[in-house]
Amino acid sequence: MPPDTALILGVILSGLLMGGVYALVSGGLSLIWGVLKVVNMAHGSFLMLSMYLVYWIWRLTGLDPLLTIPITVALFFLLGICVQKGIIRHILEASLVNQIFVTFGMWMLMNNLALMLWKADFRTVSNPLVSGGLGIMGVRISFPKLVSFGFSILATCAIWLFLQRTKIGIAIRAVAQDRKAAWLMGIDVDRIYEVSFGLGLATVGLAGSLLANFFSVYPYAGDIFHIFALTIVTLGGFGSISGSFIAGLIIGLAEAVSAFINPALKYFVVFGIFLIILLLKPEGLREAL
Amino acid sequence: MRSYIRVIKRASLRHIGYLAFAMFLGVYPLIFRDPYFLYVMINVLLYAFLGEAWNVIGGYAGQCALGHAAFFGLGAYISSLLFIKLGVSPWPGMLIGALVSGGVSVAIGWPCFRLRGAYFALATIAFAEMVRVLFNHWEFVGGAVGLRLPVLGDSLSAFQFRSYLPYYCIISIFFVLSFLLVWKLSKSKTGFYWKAIKSDPDAAESLGIDTTKYKLISMFISSFLVSMGGTFYSQLVLYVDPTSVLVRDLSVRVALVAIVGGMGTIEGPVLGSFMMILLSSLIRARFGDVPGLHLVIFAIILVVMSIYKPQGMMAILEDIKSWIERRRSLGAA
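Keep in mind that this is a model prediction, so the values were computed, not measured.

**Q** Can you tell me about the overall build of chain A, naming the residues and giving the values?
**A** Looking only at helices and strands, chain A has 11 helices and two strands in total. Taken from the N to the C terminus, the helices and strands of chain A come in the order α-α-α-α-β-β-α-α-α-α-α-α-α. Computed over C-alpha atoms, the radius of gyration of chain A comes to 19 Å, within 12% of the 19 Å expected from 2.2 N^0.38 for 289 residues, which places it in the range of a compact globule. Along the first, second and third principal axes, the C-alpha set of chain A runs to 65 × 45 × 35 Å. Counting all 289 residues of chain A, 53% fall into the buried class. Of the contacts formed within chain A by residues at least 6 apart in sequence, a portion of 79% connects residues at least 24 apart.

**Q** Please provide a residue-by-residue account of the domain arrangement of chain B, values included.
**A** Residues and elements named next belong to chain B. Along its sequence, chain B is organised into domain 1 (1-31) and domain 2 (38-250). Counting residues at the interface gives four residues for domain 1, matched by six residues for domain 2. A class-by-class count of the residues in the side of domain 1 that touches domain 2 yields four nonpolar, no polar and no charged.

**Q** Could you give an account of the interface of chain B and chain A, with specific residues and numbers?
**A** Taken together, the contact between chain B and chain A spans 34 residues of the former and 35 residues of the latter. Taken together, the elements giving at least two residues each to the side of chain B that touches chain A come down to α5 (118-137), α11 (248-261) and α13 (293-308) of chain B. Among the elements that make up the side of chain B that touches chain A, the one with the highest residue count is α5(B) (12 residues). Tallied by class, the residues present in the side of chain B that touches chain A amount to 28 nonpolar, five polar and one charged.

**Q** Residue-level account of the environment of L47(A), with values.
**A** Residues and elements named next belong to chain A. For L47, the location among the structural elements is in helix α2 (residues 43-61). By C-beta crowding, L47 is classed as buried, having 30 other C-beta atoms within 10 Å. For L47 and L265, which are 218 residues apart along the polypeptide, the C-alpha to C-alpha distance reads 24 Å. The contact partners of L47, leaving out residues within four places of it in the chain, are V25, V204, A207, G208, G222 and F225.

**Q** I'd like a description of the nonpolar core, backed by residues and values.
**A** In terms of nonpolar packing, the biggest core is built from 192 residues, with V25(A), M51(A), A126(B) and I171(B) touching the most fellow members. Here the element with the most residues in this core is helix α2 (residues 35-60) of chain B; it accounts for 15 residues. Residues in contact with A126(B), not counting those within four places in the same chain, are F271(A), F274(A), L275(A) and L278(A).

**Q** Break down the pairing of strand β2 (residues 139-142) of chain A for me, with residues and values.
**A** All names here are of chain A. In the sheet, strand β1 (residues 133-136) pairs with β2 via four bridges, with the strands oriented antiparallel. Paired with I136 across the strands is V139, a residue of β2. Linking β1 back to β2 in an antiparallel pair, the connection comprises two residues, with M137 at a positive phi of about 50°.

**Q** Describe unusual backbone geometry, listing the residues and the values that go with them.
**A** One non-glycine residue, K119(A), lies in positive phi territory at about 60°. In this structure, K119(A) sits in the loop between α4 (96-118) and β1. Looking at K119(A), the number of C-beta atoms within 10 Å reads 12, which means it is exposed. Of note in the backbone geometry, L238(B) takes a positive phi value of approximately 55° without being a glycine. Relative to the assigned elements, L238(B) resides in the loop between α9 (211-237) and β2 (239-240). What makes L238(B) partly exposed here is the crowd of 15 C-beta atoms within 10 Å.

**Q** Go over helix α7 (residues 189-199) of chain B with me, naming the residues and quoting the values.
**A** Residues and elements named next belong to chain B. Residues of α7 that are buried: G191, Y193, W194, I197 and K198. With its buried residues spanning 160° around the axis, α7 presents them on a single face. For α7, the exposed residues lying more than 90 degrees away from the buried face are K189 and S199. In the core, the buried residues of α7 are packed alongside α2, α6 (165-187), α8 (201-206) and α9.

**Q** Just give me the short version of the packing of α2(B) against α11(B), but keep the residues and values in it.
**A** Helices that pack against each other are described as a pair by the angle of their axes relative to one another and the distance between those axes. Residue and element names in this part refer to chain B. For the pair α2 and α11, interaxial distance at closest approach is 7 Å and the crossing angle is 80°. In terms of orientation, α2 and α11 fall into the roughly perpendicular class. Residues Y47, L50, G51, W54, N55, G58 and G59 of α2 pack against V254, A255, V257, A258 and G261 of α11. Grouping the constituent residues of the contact of α2 with α11 by class yields seven nonpolar, five polar and no charged.

Each value, and the rule that gives it
Residues numbered from 1 in each chain as written. Chains lettered and ligands numbered in written order. Predicted model: local features only at pLDDT ≥ 70, side-chain atom pairs only at ≥ 80, totals over all residues. Helix = DSSP H or I, 4+ residues; strand = E, 2+ residues; numbered from the N terminus. Rg over C-alpha atoms; globule rule 2.2 N^0.38 Å. Buried ≥ 20, exposed ≤ 12 C-beta atoms within 10 Å, placed from the backbone. Contact = placed C-beta atoms within 7 Å. Domains from an automatic or database assignment. Nonpolar A, V, L, I, M, F, W, Y, C, P; charged D, E, K, R; others polar. Core = buried A, V, L, I, M, F, W, Y, C linked by C-beta atoms within 7 Å. Pairing = 2+ DSSP bridges. Arc of directions from axis to C-beta. Axes fitted to C-alpha atoms, helices over the stretch in contact; angles between N-to-C directions. Parallel < 35°, antiparallel > 145°, perpendicular 65-115°, else oblique.

Here it is in structure tokens:
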């Protein structure tokens, strides 16, 4: 294969692999948005916290980021339930401005707590279990990204199956469709909210374990993922896991290709897609799927 | 008759409060001569001004605009660029910047106002981020390094001074004008239309209010004022870069002042600004070595306030007032 084609293929592959992780993070955001009708502006900060958790576990016990997956997923599921019980439950009926600013407050709180506790230093996990990459006919693929992609796909499929097949999953979808009707049918709406928020945060818990392998950890690490996730959820249609999966891949690809052309271009392209989708088709791809 | 007297009494109490505050503004620099105290008060007034501006779109018209950093930045950049590249005095520069910001806000608001709820907030965030990335990579405007304004010493036409006192006077005037403007607007037909749109856009529309038009008016005024604040800030620090004038934190801080103080009230942003800026100055003076501490405390106040007192400090004051009245009437009985 000529080197140019190989390079471009590598860029596309790497974009798609990152897109998988974006899809995972967005899936959680989308679930929370769809079920609770609250836009979680602190989603990226939870991701950052998860990355720090993974980093500190590795630093203090030497446990590899990939092996922390059960810990982060379980802890963030519980954290989600706590946040739902402690904060979000109180604002479900509040005005939109209040809802947005409560979650914005959480974003500010976590980012600055991280800054306070751990300074603005960039920290990286060295010598993770999976590292390096492989080249097939000149196309380079990074192992950590490949593994992350695999886990992300598995998790997204698991959530999708959970929502489609299990009793709680069906209840979650019922609540997302019509809160009141679901409540009249005897669904414990509060519990569904807790499970949904817990699941939403479990995705960032998992994403933290995956990203810490090849991403620096710093107090603002989550912010860019958050903006990307908002874009993806808007593109995919909020509440739709399959929508955000496809949108995640699209955004991952758009990011990689535009960054390949000019690194400065990538945010511009992503935010541009965000704005254009909002203006032209705010309901996203959901109906098309 | 009695109730009329009470209304007059109450209204005049409010006016006396305003007068007292105006006097306080006049006397403050005479009492606190230390530059630090002046600087703190400049910040308080700047944020009160910005909060007042956000209040027009967020508090009165009820639109969750989260990209005001873009207009602040545009104001700061346009006046600075005009001054550096063309030698235009920052005063007309400020006006041009404000008009451009207002125009941009209308251009962005016109399609965005079709969006309901969170989508409008997201669109404003996306827009502000795009502006930030653009300025961050645009070499003509200094890129990530930013622009440094030439230091010319005391010069009214160049909008820069050696001492803080002139800045204090300018921002006081800005603030008082914005306060009067918002006060007038809130009593005008437009103000009532905004309140109608805020409480129920569909009902407002069905009553024949051109909701898009009035939202655009609100957006224009809001961004116009915020942009003026941006020019003032750039002249105060004589330095503009994307991380200080175009970041998301700024958009949140501008709104935070109004939210904590009390959205949709004229006094709210003033109260919020005093509380937040004095608190943050105090924390920074006392625990300056702890980065982010003041923002952590802001965040806690914001979360707690939004959950338990969404109407802000003004509502707490109202509560205290009614509590005192209750006590008094109990005492009278």
